[in-house]
Amino acid sequence: MTQDTARPEGGGRAAPGGAPAPARQWPMLAVLAATAAGLLSTAMSHPRFGCLLIGIALIAAAVMRRVLPSVGMLAVRSRFTDMVTYGLLGVAITLLALVIEPKPWLEIPFLEDAVRFTVR
């Protein structure tokens, strides 16, 4: 019979227990701050920069989850699952930022045909 749920790998504090709460959770706060800055930038009519910032924040979360031994509340599931989830979402959002119209920074040849096919 299970008595308790195990903490995810790396789910310990990122700083000693005597440190104030923000210092113990700095990885999560860094990702949240960058995401908030990206959302604010998007709301202020800079969607490409905002989405890039959000995507980079998620990629940084995946890197921190891989490199740091304990990341506080950034650890939700197993290390592998968190890395894959953060990484894939970060790459997807970054790619979306690069193909935003007008004047996309990245041209994907089959994308226009795929959109035209699905919209018909």
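That block above? That's the structure.
Residues numbered from 1 in each chain as written. Predicted model: local features only at pLDDT ≥ 70, side-chain atom pairs only at ≥ 80, totals over all residues. Heavy atoms only, no water.

### What to know about the overall build of the protein chain
Then step 1. Helix and strand counts for the protein chain come out as 5 helices and 0 strands.
Then step 2. Looking at the 120 residues of the protein chain, the share that counts as buried comes to 30%.
Then step 3. Look at the contacts in the protein chain between residues 6 or more apart in sequence, and 59% of them connect residues 24 or more apart.
Then step 4. Of the roughly 8200 Å² that the protein chain leaves accessible, carbon and sulfur atoms contribute 71%. (Helix = DSSP H or I, 4+ residues; strand = E, 2+ residues; numbered from the N terminus. Buried < 20%, exposed > 50% of the residue type's maximum accessible area, 1.4 Å probe, protein only. Contact = heavy atoms within 4.5 Å. Areas by Shrake-Rupley, 256 points an atom, 1.4 Å probe, with all protein chains shown as cover.)

### Observations regarding unusual backbone geometry
Then step 1. Here the bond from Glu101 into Pro102 is cis, since omega is -5 degrees, no more than 30 degrees from zero.
Then step 2. Tracing the backbone shows Pro102 in the loop between helix H4 (79-98) and helix H5 (109-119).
Then step 3. In the Ramachandran plot, Ser45 falls in the positive-phi region, its phi being about 70 degrees despite a non-glycine side chain.
Then step 4. Position of Ser45 relative to the elements: it lies in the loop between helix H2 (26-43) and helix H3 (47-67).
Then step 5. In this structure Ser45 comes out as exposed when scored by relative accessible area, which is 61%.
Then step 6. Residue Lys103 is not a glycine yet carries a positive backbone phi of 55 degrees.
Then step 7. Among the secondary structure elements, Lys103 is positioned in the loop between H4 and H5.

### What about the layout of surface pockets?
Then step 1. Put simply, the largest pocket is a space of about 190 Å³.
Then step 2. Along its surface, the largest pocket is lined by Val99, Glu101, Pro104, Leu106, Glu107, Ile108, Pro109, Leu111, Glu112 and Val115.
Then step 3. In terms of residue class, the lining of the largest pocket is built from 7 nonpolar, no polar and 3 charged. (1 Å grid on protein atoms, 1.4 Å probe; cavity = no way out; pocket = protein on both sides within 12 Å on 5 of 7 lines; lining within 4 Å. Points joined across faces, edges and corners; volume = space filled by probe spheres on them. Nonpolar A, V, L, I, M, F, W, Y, C, P; charged D, E, K, R; others polar.)

### Let's talk about the packing of H2 against H3
Then step 1. Contact pair H2 / H3: the axes reach a minimum separation of 7 Å and the direction vectors enclose 165 degrees. Comparing the axis directions of H2 and H3 gives the class roughly antiparallel. Helix-helix and strand crossings are classified by hand; for H2 and H3 the assignment is left-handed. Mapping the contact onto sequence places Trp26, Pro27, Val31, Ala34, Thr35, Ala37, Gly38, Leu39, Ser41 and Thr42 in H2 and Pro47, Phe49, Gly50, Cys51, Leu53, Ile54, Ala57, Ala61 and Met64 in H3.
Then step 2. The residue inventory of the contact of H2 with H3, partitioned by class, reads 14 nonpolar, 5 polar and no charged. (Axes fitted to C-alpha atoms, helices over the stretch in contact; angles between N-to-C directions. Parallel < 35°, antiparallel > 145°, perpendicular 65-115°, else oblique. Left-handed = near helix turned anticlockwise from the far one by under 90°.)

### Here's the deal with H3
Then step 1. Here H3 is 21 residues long and its end C-alpha atoms lie 30 Å apart, about the 30 Å a rise of 1.5 Å per residue gives.
Then step 2. Looking at H3, one finds that the buried residues are Arg48, Gly50, Leu52, Ile54, Gly55, Ala57, Leu58, Ala61, Ala62, Met64 and Arg65.
Then step 3. Those residues of H3 that are buried lie in contact with H2 and H4. (Expected span 1.5 Å × (residues − 1).)

### What about a nonpolar patch on the surface?
Then step 1. Residues Ile59, Val63, Val67, Val91, Leu95 and Leu106 make up a contiguous nonpolar surface patch of about 470 Å² in total accessible area.
Then step 2. Looking at the nonpolar patch, the elements that each hand over two or more residues are H3 and H4.
Then step 3. Ranked by residues supplied to the nonpolar patch, first place goes to H3 with 3 residues.
Then step 4. Structurally, the position occupied by Val63 is in helix H3. (Patch = residues over 30% accessible without salt bridge, like charges linked within 9 Å, V, L, I, M, F, W, Y side chains within 5 Å. Salt bridge = Lys/Arg side-chain N within 4 Å of Asp/Glu carboxyl O.)

Treat this as a map of the structure, not an account of what it does.
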